[in-house]
Structure formats: structure tokens, C-alpha cells
Amino acid sequence: MAFALSAERERELEDILARYPNKMAACIPVLHLCQEQNQNWVSPDVIDFVARKLDLSAAHVKGVVTFYTLFNQKPVGKHQVWVCRTLSCALRGSDRILAHCEKKLGCHAGETSKDGKVTLRTAECLASCGTAPMMQVDKQYYENLTIEEVDRILDRLTRS
Amino acid sequence: MLQRTTYLSHSYNKPNGWSLSAYEAAGGYRGVRRALSMTREQVIDEVKKAKIRGRGGAGFDCGTKWSFMPKESRKPHYLVINADEGEPGTFKDRTIMELNPHALIEGCMIGCYGIGAHAAYIYVRDELHLSKERLWAAIKEARAKGYLGKTPFGGGYELDIYVHTGAGAYICGEETALLNSLEGKRGEPRLKPPFPAQYGAFGCPTTVNNVETIAIVPTVFDVGGDAFAKLSTLYPFNDGGARLFGVSGHVKRPGVYECAVGLTLRELIYDLGGGILGDRKLMAVIPGGSSCPVHLPDEIVNVPNDPRFEPYNGKSILDLPLGVDTFRNVGSMLGTCCAIVMSDAVDPVLAMHNLIRFYRHESCGQCTPCREGCGWIERIVNKVVAGTATREELDQVHDIASDIMGNTICAFGEGAAQPMLAFVKRFRKQLEDYVDTGGKSQTHRLEL
Ligand SMILES: Cc1cc2nc3c(=O)[nH]c(=O)nc-3n(C[C@H](O)[C@H](O)[C@H](O)COP(=O)(O)O)c2cc1C
Ligand code: SF4
Ligand code: FES
């Protein structure tokens, strides 16, 4: 079925368009808007939809989607977990945090847990270096992590 | 010299410190009223007097940058705020957006007026959801009060501000990549010239400034440019005012601290940061984000023939005030002024490995020296860590990194090569130990 936005998100799209001197500039915000409605991934249907809405070629939109790491080109789990592993976090134990997540979720970074609940990923510096180690779960930052805290967070996600 | 200030951070510990009422209670939106009563040229002069060196990494003088914008043009002008904060080790802009967003909004108003723009875009990396939320809320509050819109503060200078989001790409912090990304394209850096002041966002004259650079501007119009500049002990280096200093890694109290310019690394690490975790010894420090060279505490400052360096010559680099030109003159870089601290318990080769993996991952791939060079260095460092590299390959790292320098479209190339050159130079022995012992290391860890 072709992709379409909810009425509320359609209004948001109009809001976004009003901010810029041309339609192309809305490309990234509109892709975010669509990805959110589409279980967090950009399907070929979404690309066609955005191209049509913004008078762009599908090739342009696809070029944008493939450039940025936060556009998922494949379906992902219900929740997304990113563990930062860049230097400041590594100095504070991010390797241990990541290893624990992998063990607990039973999947490697880059994969989704068997129950489809969580996609685990590594991230590069998320501007939280002073409160390392840290991870991002969906839109939320969790900082100054301990293994116990990670357990509590992941338990909540797998129960949800 | 350690001198704490609170121009940006006064709101950081207050409940609802991010609201318009809290901001105004602390004297907010006075500066913009003053600025709007001046001419555009007077505004730029005041900012020049303040000697604000760009807080985004390159350290260019803010007022001078504004003066590059055309005086007359038929095209619209734009102010674009770089809130991509992605430089590893850097976490200061986020505190402004989350805890004092109106400082940035007020700064954008003054900036727009100074450069002849009627619209500002704040380009925030997508991950910073709370920052985006707080900025939009602040914009809405300012619109409701009539501070933004057709007639800000009852005057005739139309102004509006929008938040734009990225989608996860470190390179979009580079200003021309950021402009492409704002325009809805792949975030690939542009060849310069033309510079953004001539041909920036949507082909129009544009100024790109860092969050902190703009957020401190209202203070300048509150206390006066000259007075602000003279807070700094680096006034003779044209490096004025106060700024946010960050410290992360192996210190007891990592965090963001606002101080007058002139603070030293020793003060940042030991006085503000509380010293090294576990009371261990300091092995090395990267002064301002991962693209800066790494330094050892026993490096001695020696800049002959410049009287301004007399007080510092012969001292440790830890006692050299953190400034754009002080650090440039000793072959280093101040960058974002957020230091990464490593204790003597860690393995520097693994730190190098961590960083080259980052740069290889983030290279946009347009330039061969950067794309191939980062990949090549990463493969060699992988071999070093696995114990299968040779000494010749260590020399190769130096050569590859040197060949990246100066041969690329954007400064990412230098940002990746500089730290590699510094690691090879300062930790040659540890690298050779890996080679000679087939991958054995004293600690083989990064965490304490
Ligand atoms: C690879 C690369 C990444 C950068 N990332 C950022 C960033 O995240 N934030 C920022 O303000 N400046 C960043 N910069 C610097 C900008 O290109 C630009 O110099 C800065 O935004 C100008 O603002 P300022 O003069 O106020 O410092 C980056 C530069 C390069 C080469
Ligand atoms: S130097 Fe690297 S990041 Fe910059 S344009 Fe070239 S390939 Fe891209
Ligand atoms: S290194 Fe992890 S948040 Fe910066």
C-alpha cells in the first residue's frame, strides 16, 4: 500500500515547508516525519512519497537517505539503543556497557533482538562525554551508566 | 588564571532556568534592545571589540566574520547556527541549548541584525532531542512576546528563527557540508571559494557561527565589548572574554565549566576537574576535541622571539593558558576547548585505534587522500593492535597522515591526520612495543 501521512503529520509537513525558501530544504525534516510514522524506517514507498511531495527526483531523496546514518533503510526493532563508543566514553567503560547489552539482548551491535523489541547499535560521540558512559534509547539519553542501570533500562524495553 | 564566570551558566542550576521569565529575571533581552538601537556597523564594531574567537573549533574572530557580509545586496542574508556538536570530547553547546536556550535566541537576533539577515536557522544534530525541544519552546515564547516576527520589540526589523535537524553525520559540522544538509542535500563539504559570506545557504550571503559564539553575544551588549574582552588574560592575543571549558575522561569531576579566557589545562584538570581518577598520574591530554594533537605533561613551551610568550616559556604545556593563538604557536590547536584526559593506566595505542576508527567511519569520501588515507591508517593500526604490523608500517602512518594534510576539500582531513601524527610522534615507543612483542601491551585497556 502506498505510504501516506496522518492528518496531524500532514499539518506538520505544511509547517515545515513554511520555514524554507524552497521545498528541497524540507527533505531531511520531512524524511524524519515519515520515518517516525513508518515504524522507524524509510521504505521505498516513503522515498516515493517524499519525492512527490517535495517535487524532487526519487534518486535525490535516495541519495540523501543513504548519506545519513539515522535513516534506516531496513526495518528495525520497536526500540533503538545506541551505545556511544568514542574515546571519552571508551575511557569510562563503554566497551563493558556494549558487551553487556550484546549478552543481555542476545544479538550483536547492528542487529535486532530475536523478539524484535530492540535494535542495538554503536554510536559515535553523542555530546555527552562529561557524563560517560552513556547510551541513547529512542529519543532519551541515559548518562553515567552502570551495568545495573543498563539492566533496568533493557528490562523495561523488553517488557514493553 | 582561574576565574569562574556565569554569563552563560547562571541558569544551569535553576529550576526552569531555560524559561523566558527566568532569563529576563536575570537581565535577558537587554542586550538585543541595545543592539537594535544601534546601526549595523556599530553592532559589528562592538562585537569586534569583544574579541570573541569562534567557539566552533577554528577560532576565527566573530566580529571580523560578520564584517565580511555584503553591505548591500538584493538577495536575502542568512544566519546559520552550527549546533551539530559532534567533535569527540565536546559537550558544551548542548548545555546552552538545554539549560539557557534564550541566550542563543537573543544572540541570533543580534547576529541577524548585525549581518543584515531576517532569518536564522539553528542546525541541531538530530540526536539532541531535548535541545531541539527547548529551542522551539524558547522561540515560541519569544514570538508570543513579540520579540520575534514582523516588529520585534516594537521596531521595524523583521526577525524569525527556525530549528533545522540533521540526521547523523559528523561531517555536517563542517560549515559548507552543513549548508548542503540545510538545503536538503547530502552533507558533503563544498569547495571554497566561494565562501559562505558570498554564496552560502540557498546561494545567498550567509554567516555560519557556533552555538556558543552566538550565545555569548548578548553579554557583549550588556557589559560592553571592551569590558568583556578584558576579562581575559589573553587580551594581548586578541582572545577575549569568557567561555565554556569542558573536561572528560579520567578526571574526578568531568563537566562543563565557564571561566574567563586564560585558564590553563592544569587548572582545568586538577582544580575544576578534581584531578585524575584513582589519584593516578596524567599520561596525556587532548586539549580541545579529538581533532587536536595529543600532548604529554612534560612538554615544554618554547616560543622564542615573541614577548607575549615570555611568561610561559620554559613551563609545561599544562601551564600555558588555553587560547586560540597560544596553542597554535606551540604546534597544537585549541579546537572546541573541551579536553580529553587519559591517566597512565591506559594504553595510548588503543586510544589511537579508537580515534582512527571514528575518522574512517566519518570521512564523507569525496577526496581520495582523506577517504583512502583514513582507511589505510585504520588497517595499519588494526594490525598494530593484532600484533602483525611492522616498524615500516609505523613510518607509513606518518607518511599517509602527512599526505592527507593540505590535500583535501575540507578541514576534516587535517582533523584526522593531526591526531595520528601526534600519536605516532609521542607514543612511538608504545607502538613499537606492540610491533616487537607481537601485540603485547602493558595494560591493553582504555578504562581504568
Ligand atoms: C569536520 C569538521 C567538523 C566540525 N564540526 C563542528 C561542530 O560540530 N560544531 C561547530 O560549531 N563547528 C564545527 N566545525 C567548524 C565549522 O566548520 C565552523 O568553523 C564553525 O561552525 C564556525 O563557527 P565559529 O566561527 O563561531 O566557531 C567543524 C569543522 C570541521 C572541519
Ligand atoms: S576531507 Fe574528507 S570529509 Fe572533507 S570533503 Fe574530503 S573526503 Fe570529505
Ligand atoms: S565520546 Fe561518548 S558522548 Fe562523547
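Residues numbered from 1 in each chain as written. Chains lettered and ligands numbered in written order. Predicted model: local features only at pLDDT ≥ 70, side-chain atom pairs only at ≥ 80, totals over all residues. Heavy atoms only, no water.

Participant: An account of the interface of chain B and chain A is requested, with residue identities and associated values reported.
Facilitator: Taken together, the contacts link 57 residues of chain B with 39 residues of chain A. Both sides of the chain B and chain A interface together cover about 3800 Å² of buried area, and 59% of this is carbon and sulfur. Broken down residue by residue, the surface that chain B buries against chain A is led by Ala167(B), Arg186(B) and Glu447(B), which jointly contribute 15%. Taken together, chain B and chain A are joined by three salt bridges. (Contact = heavy atoms within 4.5 Å. Buried area = accessible area lost by both parts, 1.4 Å probe. Salt bridge = Lys/Arg side-chain N within 4 Å of Asp/Glu carboxyl O.)

Participant: Describe a negative patch on the surface, listing the residues and the values that go with them.
Facilitator: All names here are of chain A. A grouping of Glu8, Glu12, Glu14 and Asp15 is seen on the molecular surface, where their side chains present a negatively charged patch. Within the fold, Glu14 resides in helix H1 (residues 7-17). Using a relative accessible area of 47% as the deciding quantity, one classes Glu14 as partly exposed. (Patch = residues over 30% accessible without salt bridge, like charges linked within 9 Å, V, L, I, M, F, W, Y side chains within 5 Å. Areas by Shrake-Rupley, 256 points an atom, 1.4 Å probe, with all protein chains shown as cover. Lys, Arg positive; Asp, Glu negative; His and termini not counted. Charge placed at Lys NZ, Arg CZ, Asp CG, Glu CD. Helix = DSSP H or I, 4+ residues; strand = E, 2+ residues; numbered from the N terminus. Buried < 20%, exposed > 50% of the residue type's maximum accessible area, 1.4 Å probe, protein only.)

Participant: Before we move on, could you go through unusual backbone geometry and cite the residues and values that matter?
Facilitator: Look at the link from Ala132(A) to Pro133(A): it is a cis peptide, with omega at -5°. Along the polypeptide, Pro133(A) turns up in the loop between strand E2 (118-123) and strand E3 (135-137). Put simply, Pro193(B) and Pro194(B) share a cis peptide bond, and its omega is 0°. Examined against the element boundaries, Pro194(B) turns out to sit in the loop between helix H8 (175-182) and strand E4 (206-210). With phi around 50°, Gln39(A) is a residue other than glycine that occupies positive phi space.

Participant: How would you explain the site of ligand 1 if you had to name every residue and give the values?
Facilitator: Residues and elements named next belong to chain B. The environment of ligand 1 is made up of 19 residues, and the closest members are Gly56, Lys65, Asn209, Asn210 and Thr213. Arg55 places a polar main-chain atom, nitrogen or oxygen, 3.3 Å from an oxygen atom of ligand 1. Residue Glu85 places a main-chain N or O atom 3.3 Å away from an oxygen atom belonging to ligand 1. Counting residues per element, the shell around ligand 1 draws most heavily on E4, at three residues. Across the shell around ligand 1, the residue classes tally to five nonpolar, eight polar and six charged. (Near = heavy atom within 4 Å. Polar contact = N/O pair within 3.5 Å; in protein donor to acceptor, adjacent residues only side chain to side chain. Nonpolar A, V, L, I, M, F, W, Y, C, P; charged D, E, K, R; others polar.)

Participant: Now, about the site of ligand 2: what can you tell me, with residues and values included?
Facilitator: Taken together, the neighbourhood of ligand 2 is formed by 13 residues, with Cys364(B), Cys367(B), Cys370(B), Thr408(B) and Cys410(B) sitting nearest. Residue composition of the shell around ligand 2, by class: eight nonpolar, five polar and no charged.

Participant: Before we move on, could you go through helix H17 (residues 412-426) of chain B and cite the residues and values that matter?
Facilitator: Residues and elements named next belong to chain B. Along its 15 residues, H17 runs 22 Å from first to last C-alpha, staying within 8% of the 21 Å computed at 1.5 Å per residue. In terms of burial, H17 is a largely internal element, twelve of the 15 residues being buried. What H17 keeps buried is the set Phe412, Gly413, Gly415, Ala416, Ala417, Gln418, Pro419, Met420, Leu421, Ala422, Phe423 and Val424. Against strand E8 (338-343), helix H14 (348-362), helix H15 (368-386), helix H16 (391-404) and helix H18 (428-437) lie the buried residues of H17. (Expected span 1.5 Å × (residues − 1).)

Participant: Before we move on, could you go through the nonpolar core and cite the residues and values that matter?
Facilitator: In terms of nonpolar packing, the biggest core is built from 161 residues, with Leu31(A), Leu104(B), Ile105(B), Met109(B), Ile122(B) and Met342(B) touching the most fellow members. Here the element with the most residues in this core is helix H6 (residues 101-115) of chain B; it accounts for nine residues. If we ignore the near neighbours within four places in the chain, the residues touching Ile122(B) are Ile81(B), Ala83(B), Leu104(B), Ile105(B), Cys108(B), Leu135(B), Ile161(B), Tyr162(B), Val163(B) and His164(B). Core analysis: the next-biggest nonpolar cluster, separate from the first, contains 30 residues, Val247(B), Leu265(B), Leu322(B) and Leu334(B) among them. (Core = buried A, V, L, I, M, F, W, Y, C linked by side-chain atoms within 4.5 Å.)

Participant: Residues and numbers for the side chain of His32(A), please.
Facilitator: Secondary-structure assignment places His32(A) in helix H2 (residues 27-37). What makes His32(A) buried here is its relative accessible area of 11%.

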